[in-house]
Amino acid sequence: MWFRRDLRLFDNAALYAALSGDEPVLPVFIFDRQILDLLENKSDRRVEFIHRTLSEIQQQLIKKGSSWEVYYGTPLDVFTKLIAKYKVAAVYTNHDYEPYAIERDEAIGSFLQKKGIAFHTFKDQVIFEKSEVVKDDGLPYTVFTPYANKWRAKLEVTGIPSFPSEKKLQHLFQQAPVALPTLQSMGFEPAGDPFPPATAADAVIQHYKEKRDIPALPNGTSHLGVHLRFGTISIRQLASKARPLSATYLNELIWRDFYQMILFQFPRVRRGEAFKKAYDAIPWRNREDEFQRWCAGTTGYPIVDAGMRQLNATGYMHNRVRMIVASFLAKHLLIDWRWGEAYFATHLLDFDLAANNGGWQWAAGSGCDAAPYFRVFNPTLQAQKFDPKQAYIRQWVPEWQELTYPQPMVPHDVARKRALEVYGKALKGE
């Protein structure tokens, strides 16, 4: 069983299928050098999160008389070693929809097939995938609301399945504990800071609609993004929990499925192109000095700066603030949304290609079902509405009322007028 974005022993589709077979199941994880070697930050907390999770699961495996086999290398090299070490009948894993993952799985599947080894993959990280929710004519949706309506209708028919893999762990391969590679041996350093818990109280989900837009509230949102990203919780169990408690929270889970579907159905998005092709004609200003001020949280707009500083310090940014900072970069500064998308990709603990791309294109106006180009968030009004007592701003930008705090990089009215002119001309083909 090859674990990737499904780091749990319970309600795991591929693991359940593997444990239901006739052969003992060996749990395998690969710290993929083709991913890790590209990371410039050697204190990347996502790697630490994975390592910590593997260590916790190892204790559960040891209690069952089993152990991880964890490798640092390329998947092809690792599977070459594995089939030399063991008599492997089949490899089980769960689907991944990102470009590199698709290429990787095709290569490993082909390699195993040549060796006479079956390669079985399963749907696990979403409720509905690929072409499971489409229009009546079979074409993919590009607008969220009708997709969500069809999604809900389909769920009423199919229900939410469960794969109680935790009840079959006696079928794990029995062996003495095998040591995990250390973070340091892979060139990384642990920060040791805590991660958000893998559970959300019923009250958080129940009151999500009223509290989700207030960034100062510590429990206004569930903080489960990193756990959904790496599969330390089950999307099926979370959806089952949310369904009777909050239609608004369930809607957020539907957005996850929607963006994964877009990533699958529209390859140009995976190539970094605008979903709406006309938006690739926008002549971005792309001022490096202005981008650096945005990154550092010194734009002179307190709500924008608070968001960027929260991201830089914690690897997390409140959902509402993500929209504000993304709109500011693309529309106030006229900096290509791909610059911001890439920055988030390296800093967010819960970075997910589909959701990150979808969110940035939504903010820039270029995405499916996006905010129209003439909608330009006013950061000052957003702060007044969602942080009226400046509690969030005070936490992250304590000097915001001091003389040392910079003036806004560009007045909102000037930025809005400039954005409408630039976008308008580009979209008219002028």
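Just above, that's the structure.
Residues numbered from 1 in each chain as written. Predicted model: local features only at pLDDT ≥ 70, side-chain atom pairs only at ≥ 80, totals over all residues. Heavy atoms only, no water.

Caption draft 1: Highlighting the layout of surface pockets. Taken as a whole, the second largest pocket encloses approximately 1,300 Å³ of empty space. As for the second largest pocket, its lining consists of 42 residues, of which Ile-35, Leu-39, Arg-46, Arg-229 and Phe-351 are closest to the centre. Those elements giving two or more residues to the lining of the second largest pocket turn out to be β1 (2-3), β2 (28-32), α2 (33-36), α3 (45-63), α5 (99-114), α9 (225-230), α14 (302-314) and α16 (337-347). Here the lining of the second largest pocket is composed, by residue class, of 22 nonpolar, eight polar and twelve charged. (1 Å grid on protein atoms, 1.4 Å probe; cavity = no way out; pocket = protein on both sides within 12 Å on 5 of 7 lines; lining within 4 Å. Points joined across faces, edges and corners; volume = space filled by probe spheres on them. Helix = DSSP H or I, 4+ residues; strand = E, 2+ residues; numbered from the N terminus. Nonpolar A, V, L, I, M, F, W, Y, C, P; charged D, E, K, R; others polar.)

Caption draft 2: Inspection of the pattern of salt bridges at higher detail. Under the counting rule described, the total for this entry stands at 28 salt bridges. A salt bridge links Lys-85 to Glu-69; the nearest nitrogen and oxygen atoms lie 3.2 Å apart. One end of the pair, Lys-85, is in helix α4 (residues 75-85); the other, Glu-69, is in strand β3 (residues 69-73), and 16 residues separate them in sequence. With a relative accessible area of 3%, Glu-69 lands in the buried category. Across the pair Arg-243 and Glu-156 runs a salt bridge, and its minimum N-O distance is 3.2 Å. (Salt bridge = Lys/Arg side-chain N within 4 Å of Asp/Glu carboxyl O. Buried < 20%, exposed > 50% of the residue type's maximum accessible area, 1.4 Å probe, protein only.)

Caption draft 3: Representation of the packing of helix α6 (residues 144-158) against helix α11 (residues 247-265) within the structure. The contact between α6 and α11 brings their axes to 10 Å, and the two run at 110°. If you check the angle between α6 and α11, you find them roughly perpendicular. The segment α6 lies against α11, with Phe-144, Tyr-147, Ala-148, Trp-151 and Arg-152 engaging Leu-250, Asn-251, Ile-254, Trp-255, Asp-257, Phe-258 and Met-261. Partitioning the contact of α6 with α11 into residue classes produces nine nonpolar, one polar and two charged. (Axes fitted to C-alpha atoms, helices over the stretch in contact; angles between N-to-C directions. Parallel < 35°, antiparallel > 145°, perpendicular 65-115°, else oblique. Contact = heavy atoms within 4.5 Å.)

Caption draft 4: Region of interest: α6. With 15 residues, α6 extends 20 Å between its outermost C-alpha atoms, agreeing within 8% with the 21 Å of an ideal straight helix rising 1.5 Å per residue. Considered for burial, the residues of α6 that qualify are Phe-144, Tyr-147, Ala-148, Trp-151 and Leu-155. Seen along its axis, α6 keeps its buried residues to an arc of 95°; they face one direction. In this structure, α6 carries Glu-156 and Val-157 as exposed residues pointing more than 90 degrees from its buried face. On its buried side, α6 packs onto α10 (235-245) and α11. Immediately beyond the C-terminal end of α6, within one or two residues, lies Gly-159, with a positive phi of roughly 70°. (Expected span 1.5 Å × (residues − 1). Arc of directions from axis to C-beta.)

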